[in-house]
Amino acid sequence: MASIRVLFREAEIAARVEALAGEIVQAIPGDFVMVGLLKGAAFFVADLARALDRAGACPEIEFLRLSSYGLATASSGEVRLLGDLPSGIEGRRVLLIDDIVDTGRSIAFAAASLRERDIGDLWTCALLDKPQRREVEVRIDFIGFQIEDVFVAGYGVDHAEKYRHLPYIGIVE
Ligand SMILES: O=P(O)(O)OC[C@H]1O[C@H](OP(=O)(O)OP(=O)(O)O)[C@H](O)[C@@H]1O
Ligand code: HPA
């Protein structure tokens with residue numbers, strides 16, 4: 001069993017999510033659809049959606065399910081689409097949301113597949129960003145926290161499918 005050293009406590013995550021919602025409503029006036037990447041972004045999307053409501057937005061919520069890490073701590077290099085969006089996203093403005101951007105492959109893959117559907121404007125948002133690990137260039141418009149090159153888990157983020165349930169984010173040691 002790995003041990004988890006706390007990096008961001010529950011209250012710190014909640015405060016950052018609230019502030020991010022404020023940044024998002026300033027930048028995206030009017031209607032938009034949140035598209036979360038499962039499974040990792042599930043908790044973040046749920047909390048961000050409610051923070052967006054408090055900030056005055058009224059987003060719709062959809063999910064795409066991708067996988068590239070499996071049980072490993074390094075990307076397999078291949079992003080697999082395990083669950084697609086329903087039809088009807090064409091022409092809509094989209095806020096694409098992931099829990100963490102590491103190599104950038106997952107969010108770049110999702111952004112490309114959304115663009116193929118002729119959506120309207122696209123913004124990207126990640127709770128955690130590991131810029132040192134980037135292999136694919138991708139623009140992230142809204143970032144919760146930038147972190148060093150450490151493997152993290154908690155608040156939806158897993159290590160071999162464990163620790164998603166933790167209310168905090170920690171470094172896997
Ligand atoms: O920038 P990248 O190197 O692509 O890494 C980030 C992705 O890796 C994790 O997903 P994972 O494939 O583990 O699936 P999960 O969301 O079901 O945990 C995480 O949720 C991100 O989507
Ligand atoms: O640090 C991480 N933890 C869990 N999943 C991940 N996917 C990319 N980076 C990470």
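Everything numeric in this text was worked out from a predicted model, so none of it was measured.

Within an α-helix, residues lying three or four positions from one another point in the same direction, as the helix has 3.6 residues per turn. The first and last C-alpha atoms of helix α1 (residues 10–27) sit 26 Å apart over 18 residues, in line with the 26 Å expected at 1.5 Å per residue. For α1, the complete set of buried residues consists of Ile13, Val17, Leu20, Ala21 and Ile24. Buried residues along α1 cover an arc of 105° about the axis, so they all sit on one side. Turned more than 90 degrees away from the buried face of α1 sit Ala11, Ala15 and Gln26, all of them exposed.

Right, let's talk about the site of ligand 1 for a bit. The environment of ligand 1 is formed by 17 residues, the closest being Gly40, Tyr69, Asp102, Thr103 and Ser106. When the residues that make up the shell around ligand 1 are grouped by side-chain class, the tally is four nonpolar, seven polar and six charged.

This part takes up the site of ligand 2. Near ligand 2 the following residues occur: Tyr69, Ile100, Asp102, Phe151, Val152, Ala153, Val157, Asp158 and His159. Taken together, the residues of the shell around ligand 2 break down into six nonpolar, one polar and two charged.

Time to look at the nonpolar core. Ranked by internal contacts, the top residues of the largest apolar core, which has 42 residues, are Phe44, Leu48, Leu95, Leu96, Ile97 and Ala110. Contributing elements (two or more residues each) for this core: α1, β2 (33–38), α2 (42–54), β3 (60–67), β5 (94–101), α3 (105–115), β6 (122–129) and β8 (152–153). If we ignore the near neighbours within four places in the chain, the residues touching Ile97 are Met34, Val35, Gly36, Leu37, Ala41, Phe44, Val45, Leu48 and Cys125.

This part covers the sheet that holds strand β1 (residues 4–8). The three strands are arranged β1-β9-β8 in an open sheet whose pairing can be described as antiparallel. The open sheet terminates on both sides in strands that have one partner only, identified here as β1 and β8. Bridging between β1 and strand β9 (residues 169–172) involves four bridges; their strand directions are antiparallel. Bridge pairing in β9 links Phe8 to Ile169.

Attention now goes to the UniProt feature "domain: Phosphoribosyltransferase" (unreviewed entry) in the protein. Following the UniProt record, the feature "domain: Phosphoribosyltransferase" (unreviewed entry) maps to residues 12–158 here. Between the first and last C-alpha atoms of residues 12–158 the distance is 19 Å; the span itself is 27% helix and 28% strand.

Looking now at the environment of Gly56. Residue position: Gly56 is located in the loop between α2 and β3. Look at Gly56 and you get exposed, because 10 C-beta atoms sit within 10 Å. Placed 52 residues apart in sequence, Gly56 and Ile4 show a C-alpha to C-alpha distance of 36 Å.

What follows is about the confidence of the model for the protein. Averaged over all residues, the pLDDT of the protein equals 95, while 100% of them reach at least 70. Two summary scores accompany this predicted model of the complex, namely pTM at 0.96 and ipTM at 0.98.

About the thresholds
Residues numbered from 1 in each chain as written. Chains lettered and ligands numbered in written order. Predicted model: local features only at pLDDT ≥ 70, side-chain atom pairs only at ≥ 80, totals over all residues. Helix = DSSP H or I, 4+ residues; strand = E, 2+ residues; numbered from the N terminus. Expected span 1.5 Å × (residues − 1). Buried ≥ 20, exposed ≤ 12 C-beta atoms within 10 Å, placed from the backbone. Arc of directions from axis to C-beta. Near = placed C-beta within 6 Å. Nonpolar A, V, L, I, M, F, W, Y, C, P; charged D, E, K, R; others polar. Core = buried A, V, L, I, M, F, W, Y, C linked by C-beta atoms within 7 Å. Contact = placed C-beta atoms within 7 Å. Pairing = 2+ DSSP bridges. UniProt positions renumbered as here; feature names shortened; annotations may be inferred. pLDDT = per-residue confidence, 0-100.

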